[in-house]
Amino acid sequence: MKRSRIPLFTTIAVLVFFYLPIFVLILHSFNASRFSGSWEGFSLHWYMRLFTEREIWHALRNTLIVAASTTVVSVILGTTAAFALHRYSGRLQRGHYTLIYTPLVVPDILMGMSLLLFFVAIGMSLGLFTIFLAHTSFCVSYVAMVVLARLQDFDFSVIEAARDLGANWWTAAWRVLLPLLAPGIAAGGLLAFTLSIDDFVITFFVTGPGATTLPIQIYSMIKHGAPPLINALSTILLLVTFIIIWLVQQLSESGRKDEHV
Amino acid sequence: MHLRKPSITEWLITLPSLIWLFILFLIPTLIVFAIAFKPPDPWGGIGSGWTLDTLRSLANPNYPPIVYRTIGLSIGTTVICLSLALPTGYAIARAPAKWRRILLLLIVIPFWTSFLIRIFAWKVLLHPDGHLKQFLVFLRLADEQSMLLYRPEAVLLVMVYTLLPFAVLPLYAASEKFDFRLLEAARDLGATPWRAFREVFIPGVRRGLLTAVLMVFIPALGSYIIPDLVGGPRSEMVGNKIAQRTFVDRNLPHASALSAGLTLAVMAPMLVVLMLQGRRRDALET
(Lines give C-alpha, C1' and ligand atoms only; values in the text may rest on other atoms or scores of the structure.)
Protein backbone atom coordinates (compact mmCIF):
# COMPACT_ATOMS: atom_id res chain seq x y z
CA MET A 1 0.00 0.00 0.00
CA LYS A 2 1.33 3.41 -0.93
CA ARG A 3 1.40 5.87 1.93
CA SER A 4 0.72 9.56 1.55
CA ARG A 5 3.78 11.77 1.66
CA ILE A 6 1.89 14.72 3.16
CA PRO A 7 2.71 13.84 6.82
CA LEU A 8 6.41 13.57 6.00
CA PHE A 9 6.49 16.90 4.17
CA THR A 10 4.53 18.58 6.98
CA THR A 11 7.04 17.27 9.52
CA ILE A 12 9.97 18.61 7.50
CA ALA A 13 8.22 21.98 7.13
CA VAL A 14 7.50 22.07 10.88
CA LEU A 15 11.14 21.36 11.71
CA VAL A 16 12.38 24.07 9.32
CA PHE A 17 9.85 26.43 10.90
CA PHE A 18 11.12 25.51 14.40
CA TYR A 19 14.80 25.87 13.69
CA LEU A 20 15.09 28.62 11.07
CA PRO A 21 14.60 31.56 13.50
CA ILE A 22 16.91 29.98 16.09
CA PHE A 23 19.55 29.38 13.41
CA VAL A 24 19.32 32.98 12.15
CA LEU A 25 19.62 34.25 15.74
CA ILE A 26 22.73 32.15 16.42
CA LEU A 27 24.25 33.20 13.08
CA HIS A 28 23.75 36.87 13.89
CA SER A 29 25.42 36.56 17.26
CA PHE A 30 28.67 36.07 15.27
CA ASN A 31 27.97 38.93 12.89
CA ALA A 32 30.44 41.82 13.13
CA SER A 33 27.75 44.24 11.95
CA ARG A 34 25.42 46.04 14.35
CA PHE A 35 22.52 45.55 11.93
CA SER A 36 20.81 42.28 11.20
CA GLY A 37 20.38 43.07 7.49
CA SER A 38 24.03 42.91 6.48
CA TRP A 39 26.76 40.37 7.14
CA GLU A 40 30.15 41.92 7.80
CA GLY A 41 32.14 38.88 8.69
CA PHE A 42 32.58 36.49 11.60
CA SER A 43 33.28 38.06 14.95
CA LEU A 44 33.24 37.21 18.64
CA HIS A 45 32.97 40.90 19.45
CA TRP A 46 29.50 40.65 21.02
CA TYR A 47 30.52 37.77 23.26
CA MET A 48 33.51 39.80 24.47
CA ARG A 49 31.21 42.73 25.18
CA LEU A 50 29.00 40.47 27.33
CA PHE A 51 31.89 39.85 29.71
CA THR A 52 32.28 43.54 30.41
CA GLU A 53 28.59 44.15 31.17
CA ARG A 54 28.31 44.17 34.95
CA GLU A 55 24.51 44.04 34.86
CA ILE A 56 24.62 40.73 33.02
CA TRP A 57 26.92 39.17 35.59
CA HIS A 58 24.66 40.40 38.36
CA ALA A 59 21.59 38.95 36.59
CA LEU A 60 23.41 35.64 36.01
CA ARG A 61 24.22 35.41 39.72
CA ASN A 62 20.57 36.02 40.65
CA THR A 63 19.34 33.52 38.05
CA LEU A 64 21.62 30.79 39.37
CA ILE A 65 20.72 31.43 43.03
CA VAL A 66 17.00 31.17 42.22
CA ALA A 67 17.39 28.17 39.88
CA ALA A 68 19.52 26.18 42.33
CA SER A 69 17.19 26.71 45.29
CA THR A 70 14.10 26.10 43.13
CA THR A 71 15.58 22.83 41.86
CA VAL A 72 16.40 21.49 45.33
CA VAL A 73 13.02 22.33 46.88
CA SER A 74 10.89 21.32 43.90
CA VAL A 75 12.70 17.97 43.55
CA ILE A 76 11.96 17.15 47.20
CA LEU A 77 8.32 18.27 47.01
CA GLY A 78 7.71 16.84 43.52
CA THR A 79 9.21 13.43 44.31
CA THR A 80 7.26 12.96 47.55
CA ALA A 81 4.12 14.10 45.70
CA ALA A 82 4.72 11.53 42.95
CA PHE A 83 5.18 8.76 45.53
CA ALA A 84 1.94 9.74 47.25
CA LEU A 85 0.03 9.90 43.97
CA HIS A 86 1.38 6.57 42.85
CA ARG A 87 1.02 4.61 46.07
CA TYR A 88 -2.36 5.83 47.27
CA SER A 89 -5.73 6.51 45.73
CA GLY A 90 -8.91 8.04 47.04
CA ARG A 91 -10.33 11.46 47.63
CA LEU A 92 -7.20 13.00 49.18
CA GLN A 93 -5.05 11.97 46.22
CA ARG A 94 -7.68 13.13 43.75
CA GLY A 95 -7.55 16.62 45.27
CA HIS A 96 -3.75 16.39 45.42
CA TYR A 97 -3.59 15.42 41.73
CA THR A 98 -5.83 18.34 40.75
CA LEU A 99 -3.62 20.74 42.69
CA ILE A 100 -0.49 19.31 41.01
CA TYR A 101 -1.98 19.18 37.52
CA THR A 102 -3.68 22.59 37.35
CA PRO A 103 -0.53 24.79 37.52
CA LEU A 104 0.69 22.98 34.36
CA VAL A 105 -2.18 24.42 32.34
CA VAL A 106 -2.76 27.81 33.96
CA PRO A 107 -1.34 30.59 31.75
CA ASP A 108 1.84 32.16 33.13
CA ILE A 109 0.31 35.60 33.35
CA LEU A 110 -2.40 34.36 35.73
CA MET A 111 0.13 32.63 37.97
CA GLY A 112 2.30 35.74 38.01
CA MET A 113 -0.61 38.05 38.70
CA SER A 114 -2.13 35.90 41.46
CA LEU A 115 1.22 35.48 43.22
CA LEU A 116 1.90 39.23 42.98
CA LEU A 117 -1.48 39.97 44.59
CA PHE A 118 -0.83 37.35 47.27
CA PHE A 119 2.58 38.82 48.15
CA VAL A 120 1.15 42.35 48.18
CA ALA A 121 -1.81 41.22 50.32
CA ILE A 122 0.39 39.59 52.98
CA GLY A 123 2.87 42.47 52.82
CA MET A 124 5.87 40.42 51.67
CA SER A 125 8.55 42.51 49.96
CA LEU A 126 9.31 41.47 46.38
CA GLY A 127 12.73 40.14 45.48
CA LEU A 128 14.73 36.97 44.90
CA PHE A 129 12.85 35.15 47.65
CA THR A 130 9.44 35.77 46.07
CA ILE A 131 10.86 34.67 42.69
CA PHE A 132 12.07 31.45 44.32
CA LEU A 133 8.63 30.83 45.87
CA ALA A 134 6.92 31.44 42.51
CA HIS A 135 9.32 29.23 40.51
CA THR A 136 9.08 26.38 42.99
CA SER A 137 5.28 26.54 42.78
CA PHE A 138 5.24 25.68 39.07
CA CYS A 139 8.32 23.41 39.07
CA VAL A 140 6.84 21.04 41.70
CA SER A 141 4.19 20.02 39.19
CA TYR A 142 6.69 19.30 36.41
CA VAL A 143 8.95 17.25 38.70
CA ALA A 144 5.94 15.34 40.08
CA MET A 145 4.70 14.51 36.56
CA VAL A 146 8.14 13.33 35.35
CA VAL A 147 8.72 11.15 38.43
CA LEU A 148 5.12 9.84 38.38
CA ALA A 149 5.57 8.75 34.74
CA ARG A 150 8.72 6.85 35.77
CA LEU A 151 6.94 5.21 38.70
CA GLN A 152 4.19 4.06 36.37
CA ASP A 153 6.63 2.09 34.16
CA PHE A 154 8.53 0.86 37.18
CA ASP A 155 8.84 -2.88 37.72
CA PHE A 156 7.65 -3.28 41.29
CA SER A 157 8.64 -6.93 41.48
CA VAL A 158 12.14 -5.80 42.58
CA ILE A 159 10.54 -4.18 45.63
CA GLU A 160 8.67 -7.39 46.36
CA ALA A 161 11.96 -9.27 46.03
CA ALA A 162 13.55 -6.91 48.56
CA ARG A 163 10.56 -7.36 50.89
CA ASP A 164 10.79 -11.14 50.55
CA LEU A 165 14.43 -10.91 51.53
CA GLY A 166 13.41 -9.21 54.75
CA ALA A 167 13.51 -5.46 54.03
CA ASN A 168 10.65 -3.38 55.39
CA TRP A 169 8.77 -1.05 53.02
CA TRP A 170 10.87 2.03 53.86
CA THR A 171 14.20 0.19 53.54
CA ALA A 172 13.08 -1.24 50.22
CA ALA A 173 12.01 2.21 49.02
CA TRP A 174 15.20 3.88 50.19
CA ARG A 175 17.74 1.21 49.13
CA VAL A 176 16.09 -0.20 45.98
CA LEU A 177 13.40 2.08 44.60
CA LEU A 178 15.16 5.43 45.05
CA PRO A 179 18.45 4.42 43.36
CA LEU A 180 16.52 2.93 40.43
CA LEU A 181 14.40 6.06 40.17
CA ALA A 182 17.40 8.39 40.49
CA PRO A 183 17.66 9.05 36.71
CA GLY A 184 13.99 10.05 36.62
CA ILE A 185 14.38 12.32 39.64
CA ALA A 186 17.51 13.86 38.12
CA ALA A 187 15.64 14.44 34.85
CA GLY A 188 12.86 16.20 36.79
CA GLY A 189 15.44 18.33 38.59
CA LEU A 190 17.16 19.34 35.35
CA LEU A 191 13.82 20.32 33.85
CA ALA A 192 13.00 22.41 36.94
CA PHE A 193 16.41 24.09 36.58
CA THR A 194 15.77 24.90 32.89
CA LEU A 195 12.25 26.18 33.57
CA SER A 196 13.59 28.41 36.33
CA ILE A 197 16.45 29.95 34.33
CA ASP A 198 14.15 30.54 31.32
CA ASP A 199 11.07 31.90 33.06
CA PHE A 200 10.18 35.46 32.18
CA VAL A 201 6.46 36.22 32.67
CA ILE A 202 6.00 34.96 36.24
CA THR A 203 9.35 36.41 37.32
CA PHE A 204 8.43 39.78 35.82
CA PHE A 205 5.35 39.96 38.05
CA VAL A 206 6.97 38.94 41.34
CA THR A 207 10.39 40.58 40.99
CA GLY A 208 11.43 43.56 43.06
CA PRO A 209 14.07 46.26 42.86
CA GLY A 210 17.53 44.85 42.15
CA ALA A 211 16.28 41.27 41.69
CA THR A 212 16.99 41.14 37.95
CA THR A 213 17.31 37.69 36.40
CA LEU A 214 18.72 36.96 32.94
CA PRO A 215 15.33 36.80 31.14
CA ILE A 216 14.33 40.12 32.79
CA GLN A 217 17.66 41.58 31.66
CA ILE A 218 17.10 40.26 28.12
CA TYR A 219 13.60 41.75 28.07
CA SER A 220 14.82 45.19 29.08
CA MET A 221 17.59 44.92 26.47
CA ILE A 222 14.96 44.07 23.82
CA LYS A 223 12.86 47.04 24.93
CA HIS A 224 15.82 49.43 24.94
CA GLY A 225 17.44 48.04 21.82
CA ALA A 226 20.77 46.25 22.08
CA PRO A 227 20.16 43.51 19.47
CA PRO A 228 23.66 42.12 18.85
CA LEU A 229 24.30 41.70 22.57
CA ILE A 230 20.94 39.93 23.03
CA ASN A 231 21.83 37.59 20.15
CA ALA A 232 25.03 36.57 21.93
CA LEU A 233 23.39 36.21 25.33
CA SER A 234 20.48 34.23 23.85
CA THR A 235 22.88 31.91 22.03
CA ILE A 236 24.62 31.10 25.31
CA LEU A 237 21.29 30.42 27.04
CA LEU A 238 20.15 28.25 24.09
CA LEU A 239 23.36 26.26 24.36
CA VAL A 240 22.79 25.70 28.10
CA THR A 241 19.22 24.51 27.40
CA PHE A 242 20.39 22.17 24.61
CA ILE A 243 22.99 20.59 26.92
CA ILE A 244 20.41 20.09 29.68
CA ILE A 245 17.89 18.49 27.28
CA TRP A 246 20.60 16.20 25.96
CA LEU A 247 21.41 15.17 29.55
CA VAL A 248 17.73 14.56 30.28
CA GLN A 249 17.48 12.34 27.18
CA GLN A 250 20.51 10.35 28.31
CA LEU A 251 18.97 9.91 31.75
CA SER A 252 15.63 8.81 30.30
CA GLU A 253 17.30 6.20 28.15
CA SER A 254 19.31 4.74 31.00
CA GLY A 255 16.05 4.21 32.85
CA ARG A 256 13.97 2.55 30.15
CA LYS A 257 16.21 0.51 27.93
CA ASP A 258 13.48 -1.73 26.62
CA GLU A 259 11.20 0.94 25.22
CA HIS A 260 12.60 1.56 21.76
CA VAL A 261 13.79 -1.91 20.87
CA MET B 1 -14.63 3.92 45.23
CA HIS B 2 -13.82 2.28 48.52
CA LEU B 3 -14.04 4.46 51.62
CA ARG B 4 -11.05 4.53 53.87
CA LYS B 5 -9.18 7.05 55.97
CA PRO B 6 -5.75 8.13 54.67
CA SER B 7 -2.96 6.64 56.82
CA ILE B 8 -0.33 8.70 58.63
CA THR B 9 2.28 7.73 56.02
CA GLU B 10 -0.03 8.94 53.27
CA TRP B 11 -0.52 12.30 55.00
CA LEU B 12 3.22 12.55 55.63
CA ILE B 13 4.18 12.29 51.97
CA THR B 14 1.15 14.17 50.65
CA LEU B 15 1.25 17.20 52.92
CA PRO B 16 4.51 18.89 51.80
CA SER B 17 3.39 19.45 48.20
CA LEU B 18 -0.26 19.83 49.20
CA ILE B 19 0.48 22.63 51.69
CA TRP B 20 2.93 24.37 49.35
CA LEU B 21 0.46 24.44 46.45
CA PHE B 22 -2.46 25.26 48.73
CA ILE B 23 -0.70 28.39 50.02
CA LEU B 24 1.13 29.44 46.86
CA PHE B 25 -1.30 28.36 44.16
CA LEU B 26 -4.87 27.89 45.41
CA ILE B 27 -5.02 30.83 47.85
CA PRO B 28 -3.41 33.30 45.36
CA THR B 29 -5.91 32.18 42.69
CA LEU B 30 -8.80 32.81 45.10
CA ILE B 31 -7.30 36.15 46.18
CA VAL B 32 -7.54 37.32 42.56
CA PHE B 33 -11.32 37.00 42.82
CA ALA B 34 -11.45 38.74 46.23
CA ILE B 35 -9.32 41.71 45.18
CA ALA B 36 -11.60 42.32 42.18
CA PHE B 37 -14.09 43.63 44.81
CA LYS B 38 -11.57 46.00 46.44
CA PRO B 39 -10.95 49.66 45.60
CA PRO B 40 -7.44 50.77 44.56
CA ASP B 41 -5.49 53.05 46.89
CA PRO B 42 -3.66 56.13 45.59
CA TRP B 43 -0.20 54.56 46.16
CA GLY B 44 -0.69 51.65 43.78
CA GLY B 45 -1.77 49.24 46.49
CA ILE B 46 -5.09 47.77 47.55
CA GLY B 47 -7.56 50.01 49.42
CA SER B 48 -9.75 48.98 52.34
CA GLY B 49 -13.46 48.21 52.21
CA TRP B 50 -15.41 46.46 49.47
CA THR B 51 -16.77 47.89 46.24
CA LEU B 52 -18.39 46.94 42.97
CA ASP B 53 -16.77 49.89 41.14
CA THR B 54 -13.84 47.78 39.96
CA LEU B 55 -16.19 45.32 38.27
CA ARG B 56 -18.18 48.19 36.78
CA SER B 57 -15.01 49.66 35.31
CA LEU B 58 -14.66 46.49 33.21
CA ALA B 59 -17.50 47.85 31.07
CA ASN B 60 -14.81 49.93 29.32
CA PRO B 61 -15.76 50.30 25.61
CA ASN B 62 -12.14 49.53 24.65
CA TYR B 63 -12.37 46.02 26.07
CA PRO B 64 -14.77 44.12 23.77
CA PRO B 65 -12.50 44.37 20.68
CA ILE B 66 -9.54 43.19 22.80
CA VAL B 67 -11.54 40.24 24.13
CA TYR B 68 -12.70 39.26 20.62
CA ARG B 69 -9.14 39.56 19.32
CA THR B 70 -7.84 37.39 22.18
CA ILE B 71 -10.41 34.68 21.49
CA GLY B 72 -9.99 34.94 17.71
CA LEU B 73 -6.19 34.70 17.81
CA SER B 74 -6.35 31.80 20.29
CA ILE B 75 -8.81 29.84 18.14
CA GLY B 76 -6.73 30.60 15.04
CA THR B 77 -3.56 29.43 16.80
CA THR B 78 -5.26 26.23 18.00
CA VAL B 79 -6.63 25.38 14.54
CA ILE B 80 -3.29 25.98 12.79
CA CYS B 81 -1.32 24.11 15.47
CA LEU B 82 -3.62 21.08 15.31
CA SER B 83 -3.59 20.92 11.53
CA LEU B 84 0.22 20.94 11.55
CA ALA B 85 0.60 18.69 14.61
CA LEU B 86 -1.75 15.91 13.44
CA PRO B 87 0.28 14.94 10.36
CA THR B 88 3.54 15.54 12.26
CA GLY B 89 2.53 13.32 15.18
CA TYR B 90 1.41 10.67 12.69
CA ALA B 91 4.67 10.86 10.71
CA ILE B 92 6.86 10.62 13.84
CA ALA B 93 4.87 7.65 15.18
CA ARG B 94 5.28 5.82 11.85
CA ALA B 95 8.97 6.65 11.39
CA PRO B 96 11.57 3.89 11.92
CA ALA B 97 12.65 3.63 15.60
CA LYS B 98 16.05 5.24 15.00
CA TRP B 99 14.53 8.25 13.23
CA ARG B 100 11.72 8.50 15.74
CA ARG B 101 14.13 9.26 18.57
CA ILE B 102 15.89 11.98 16.60
CA LEU B 103 12.61 13.55 15.46
CA LEU B 104 11.24 13.47 18.97
CA LEU B 105 14.36 15.17 20.33
CA LEU B 106 14.04 17.85 17.63
CA ILE B 107 10.46 18.52 18.78
CA VAL B 108 11.33 18.46 22.49
CA ILE B 109 14.15 21.04 22.19
CA PRO B 110 11.87 23.97 21.27
CA PHE B 111 9.42 22.75 23.95
CA TRP B 112 11.99 23.43 26.68
CA THR B 113 13.67 26.47 25.11
CA SER B 114 13.04 29.92 26.55
CA PHE B 115 9.83 31.50 25.23
CA LEU B 116 11.40 34.92 25.39
CA ILE B 117 14.37 33.92 23.23
CA ARG B 118 12.17 32.15 20.69
CA ILE B 119 9.99 35.24 20.39
CA PHE B 120 13.04 37.46 20.11
CA ALA B 121 14.36 35.22 17.31
CA TRP B 122 11.25 36.11 15.28
CA LYS B 123 11.74 39.78 16.01
CA VAL B 124 15.18 39.47 14.42
CA LEU B 125 13.81 37.51 11.45
CA LEU B 126 10.84 39.83 10.83
CA HIS B 127 12.89 42.99 11.39
CA PRO B 128 12.37 45.65 8.66
CA ASP B 129 16.02 45.18 7.58
CA GLY B 130 15.96 41.42 8.18
CA HIS B 131 16.49 38.58 5.73
CA LEU B 132 12.86 37.52 5.48
CA LYS B 133 11.78 40.97 4.36
CA GLN B 134 14.64 41.14 1.81
CA PHE B 135 13.67 37.72 0.53
CA LEU B 136 9.98 38.66 0.21
CA VAL B 137 10.92 41.89 -1.56
CA PHE B 138 13.14 39.87 -3.91
CA LEU B 139 10.19 37.58 -4.68
CA ARG B 140 8.06 40.70 -5.17
CA LEU B 141 5.70 39.48 -2.45
CA ALA B 142 6.40 42.60 -0.41
CA ASP B 143 7.69 46.07 -1.15
CA GLU B 144 10.21 48.19 0.73
CA GLN B 145 7.49 49.90 2.74
CA SER B 146 5.60 46.86 3.96
CA MET B 147 5.90 46.00 7.62
CA LEU B 148 6.16 42.40 8.81
CA LEU B 149 6.28 43.21 12.52
CA TYR B 150 3.76 44.95 14.75
CA ARG B 151 0.58 43.52 13.26
CA PRO B 152 -1.90 40.83 14.35
CA GLU B 153 -0.62 38.39 11.68
CA ALA B 154 2.85 38.53 13.26
CA VAL B 155 1.29 37.76 16.66
CA LEU B 156 -0.57 34.76 15.18
CA LEU B 157 2.60 33.47 13.49
CA VAL B 158 4.68 33.67 16.67
CA MET B 159 1.88 32.18 18.81
CA VAL B 160 1.77 29.18 16.47
CA TYR B 161 5.57 28.99 16.64
CA THR B 162 5.77 28.96 20.43
CA LEU B 163 2.78 26.67 21.07
CA LEU B 164 3.18 24.12 18.25
CA PRO B 165 5.44 21.75 20.27
CA PHE B 166 2.67 21.57 22.91
CA ALA B 167 0.34 20.21 20.22
CA VAL B 168 2.84 17.85 18.57
CA LEU B 169 3.89 16.01 21.75
CA PRO B 170 0.42 14.82 22.93
CA LEU B 171 -0.55 13.94 19.35
CA TYR B 172 2.64 11.95 18.91
CA ALA B 173 1.98 10.15 22.22
CA ALA B 174 -1.54 9.28 21.06
CA SER B 175 -0.41 8.25 17.56
CA GLU B 176 2.26 5.98 19.02
CA LYS B 177 -0.47 3.94 20.76
CA PHE B 178 -2.67 3.89 17.65
CA ASP B 179 -2.93 0.56 15.84
CA PHE B 180 -1.96 1.49 12.28
CA ARG B 181 -3.34 -1.79 10.93
CA LEU B 182 -6.76 -0.16 11.31
CA LEU B 183 -5.78 2.32 8.61
CA GLU B 184 -4.70 -0.50 6.32
CA ALA B 185 -8.00 -2.26 6.98
CA ALA B 186 -9.90 0.91 6.08
CA ARG B 187 -7.88 1.21 2.86
CA ASP B 188 -8.51 -2.45 1.99
CA LEU B 189 -12.21 -1.80 2.43
CA GLY B 190 -11.95 0.92 -0.20
CA ALA B 191 -11.51 4.12 1.79
CA THR B 192 -9.36 6.85 0.23
CA PRO B 193 -6.24 7.80 2.27
CA TRP B 194 -7.89 11.06 3.32
CA ARG B 195 -11.09 9.33 4.39
CA ALA B 196 -9.15 6.70 6.38
CA PHE B 197 -7.17 9.48 8.06
CA ARG B 198 -10.31 11.46 8.87
CA GLU B 199 -12.62 8.66 9.96
CA VAL B 200 -10.23 6.15 11.50
CA PHE B 201 -7.06 7.94 12.59
CA ILE B 202 -8.56 11.16 14.01
CA PRO B 203 -11.13 9.37 16.22
CA GLY B 204 -8.33 6.99 17.30
CA VAL B 205 -6.20 9.84 18.66
CA ARG B 206 -9.16 11.69 20.19
CA ARG B 207 -7.64 11.86 23.65
CA GLY B 208 -4.38 13.29 22.34
CA LEU B 209 -6.37 15.87 20.36
CA LEU B 210 -8.21 16.92 23.51
CA THR B 211 -4.93 17.38 25.41
CA ALA B 212 -3.39 19.26 22.47
CA VAL B 213 -6.36 21.65 22.30
CA LEU B 214 -5.99 22.46 26.00
CA MET B 215 -2.21 22.78 25.88
CA VAL B 216 -2.46 25.29 23.03
CA PHE B 217 -5.73 27.14 23.60
CA ILE B 218 -5.29 27.91 27.32
CA PRO B 219 -1.78 29.40 27.15
CA ALA B 220 -2.86 31.24 23.96
CA LEU B 221 -5.65 32.99 25.87
CA GLY B 222 -3.07 34.20 28.39
CA SER B 223 -0.56 35.44 25.78
CA TYR B 224 1.23 38.54 26.86
CA ILE B 225 4.87 38.83 25.74
CA ILE B 226 4.11 37.85 22.13
CA PRO B 227 1.70 40.77 21.44
CA ASP B 228 3.95 42.93 23.61
CA LEU B 229 7.07 42.26 21.50
CA VAL B 230 5.87 41.54 17.95
CA GLY B 231 2.40 43.11 17.97
CA GLY B 232 1.50 46.75 17.59
CA PRO B 233 -1.18 48.82 19.32
CA ARG B 234 -3.77 47.08 17.15
CA SER B 235 -2.81 43.59 18.32
CA GLU B 236 -3.23 44.00 22.08
CA MET B 237 -4.67 41.04 23.97
CA VAL B 238 -6.20 40.63 27.43
CA GLY B 239 -2.78 39.75 28.86
CA ASN B 240 -1.38 43.10 27.75
CA LYS B 241 -4.18 44.92 29.53
CA ILE B 242 -3.52 42.99 32.75
CA ALA B 243 0.16 43.93 32.56
CA GLN B 244 -0.62 47.54 31.68
CA ARG B 245 -3.01 47.94 34.64
CA THR B 246 -0.42 46.34 36.93
CA PHE B 247 2.79 48.03 35.86
CA VAL B 248 1.73 51.27 34.13
CA ASP B 249 -1.46 52.42 35.88
CA ARG B 250 -0.64 50.64 39.15
CA ASN B 251 -4.32 49.73 39.55
CA LEU B 252 -4.06 46.28 41.10
CA PRO B 253 -7.81 45.75 41.72
CA HIS B 254 -8.59 46.49 38.07
CA ALA B 255 -5.81 44.10 36.92
CA SER B 256 -7.23 41.60 39.39
CA ALA B 257 -10.75 41.85 37.94
CA LEU B 258 -9.35 41.28 34.43
CA SER B 259 -7.37 38.26 35.67
CA ALA B 260 -10.45 36.87 37.40
CA GLY B 261 -12.30 37.04 34.07
CA LEU B 262 -9.42 35.32 32.27
CA THR B 263 -9.25 32.64 35.00
CA LEU B 264 -12.94 31.85 34.50
CA ALA B 265 -12.37 31.68 30.74
CA VAL B 266 -9.56 29.11 31.07
CA MET B 267 -11.18 27.11 33.87
CA ALA B 268 -14.15 25.86 31.88
CA PRO B 269 -12.18 23.73 29.37
CA MET B 270 -9.79 22.61 32.13
CA LEU B 271 -12.55 21.28 34.38
CA VAL B 272 -13.99 19.24 31.54
CA VAL B 273 -10.66 17.51 30.96
CA LEU B 274 -9.95 16.96 34.66
CA MET B 275 -13.35 15.34 35.04
CA LEU B 276 -12.66 13.04 32.10
CA GLN B 277 -9.25 12.14 33.54
CA GLY B 278 -10.63 11.63 37.04
CA ARG B 279 -13.17 9.21 35.66
CA ARG B 280 -10.42 7.33 33.85
CA ARG B 281 -8.31 7.11 37.04
CA ASP B 282 -11.29 5.76 38.96
CA ALA B 283 -12.01 3.25 36.22
CA LEU B 284 -8.41 2.04 36.42
CA GLU B 285 -8.47 1.77 40.17
CA THR B 286 -11.67 -0.20 40.61
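Residues numbered from 1 in each chain as written. Chains lettered and ligands numbered in written order. Predicted model: local features only at pLDDT ≥ 70, side-chain atom pairs only at ≥ 80, totals over all residues. Heavy atoms only, no water.

### Considerations on the domain arrangement of chain A
Residue and element names in this part refer to chain A.
Part 1 of the argument: Under the domain assignment, chain A is made up of domain 1 (1–43) and domain 2 (50–255).
Part 2 of the argument: One C-alpha centre belongs to domain 1, the other to domain 2; they are set 29 Å apart.
Part 3 of the argument: Contacts between the two partners involve six residues from domain 1 and, on the opposite side, seven residues from domain 2.
Part 4 of the argument: Between the two partners, domain 1 and domain 2, sit zero salt bridges.
Part 5 of the argument: Remark: the boundary between domain 1 and domain 2 carries one residue pair in polar contact (both at pLDDT 80 or more).
Part 6 of the argument: In terms of residue class, the side of domain 1 that touches domain 2 is made up of three nonpolar, two polar and one charged. (Domains from an automatic or database assignment. Contact = heavy atoms within 4.5 Å. Salt bridge = Lys/Arg side-chain N within 4 Å of Asp/Glu carboxyl O. Polar contact = N/O pair within 3.5 Å; in protein donor to acceptor, adjacent residues only side chain to side chain. Nonpolar A, V, L, I, M, F, W, Y, C, P; charged D, E, K, R; others polar.)

### Some words on the interface of chain B and chain A
Part 1 of the argument: Facing the 94 residues of chain B at the interface are 87 residues of chain A.
Part 2 of the argument: Carbon and sulfur atoms make up 78% of the area that chain B and chain A hide from each other, which totals about 8500 Å².
Part 3 of the argument: Summed over the shared surface of chain B and chain A, the result is one salt bridge.
Part 4 of the argument: Linking chain B to chain A there are nine residue pairs in polar contact (both at pLDDT 80 or more).
Part 5 of the argument: The element best represented in the side of chain B that touches chain A is helix α1 (residues 8–35) of chain B, accounting for 21 residues.
Part 6 of the argument: The class makeup of the residues in the side of chain B that touches chain A is 60 nonpolar, 20 polar and 14 charged. (Buried area = accessible area lost by both parts, 1.4 Å probe. Helix = DSSP H or I, 4+ residues; strand = E, 2+ residues; numbered from the N terminus.)

### Comments concerning the environment of Ser223(B)
Residues and elements named next belong to chain B.
Part 1 of the argument: One can find Ser223 in the loop between α10 (206–221) and α11 (225–230).
Part 2 of the argument: Separated by 13 residues in sequence, Ser223 and Glu236 have C-alpha atoms that sit 9.7 Å apart.
Part 3 of the argument: When neighbours within four sequence positions are excluded, Ser223 is seen to be in contact with Met159, Met237, Gly239 and Asn240.
Part 4 of the argument: Polar contacts involving the side chain of Ser223 include one to the main-chain carbonyl oxygen of Ala220, which spans 2.8 Å.

### Section: the nonpolar core
Part 1 of the argument: Counting residues in each nonpolar core, the largest one holds 169 residues, and the members touching the most others are Phe205(A) and Phe201(B).
Part 2 of the argument: Considering each element in turn, this core owes the most residues, 15 residues, to helix α7 (residues 152–177) of chain B.
Part 3 of the argument: For this core, the two domains that each supply at least three residues are domain 1 (1–43) and domain 2 (50–255) of chain A.
Part 4 of the argument: Each residue touching Phe205(A), except ones within four places of it in the same chain, is listed here: Ile109(A), Gly112(A), Met113(A), Leu116(A), Tyr224(B), Ala243(B), Thr246(B) and Phe247(B). (Core = buried A, V, L, I, M, F, W, Y, C linked by side-chain atoms within 4.5 Å. Buried < 20%, exposed > 50% of the residue type's maximum accessible area, 1.4 Å probe, protein only.)

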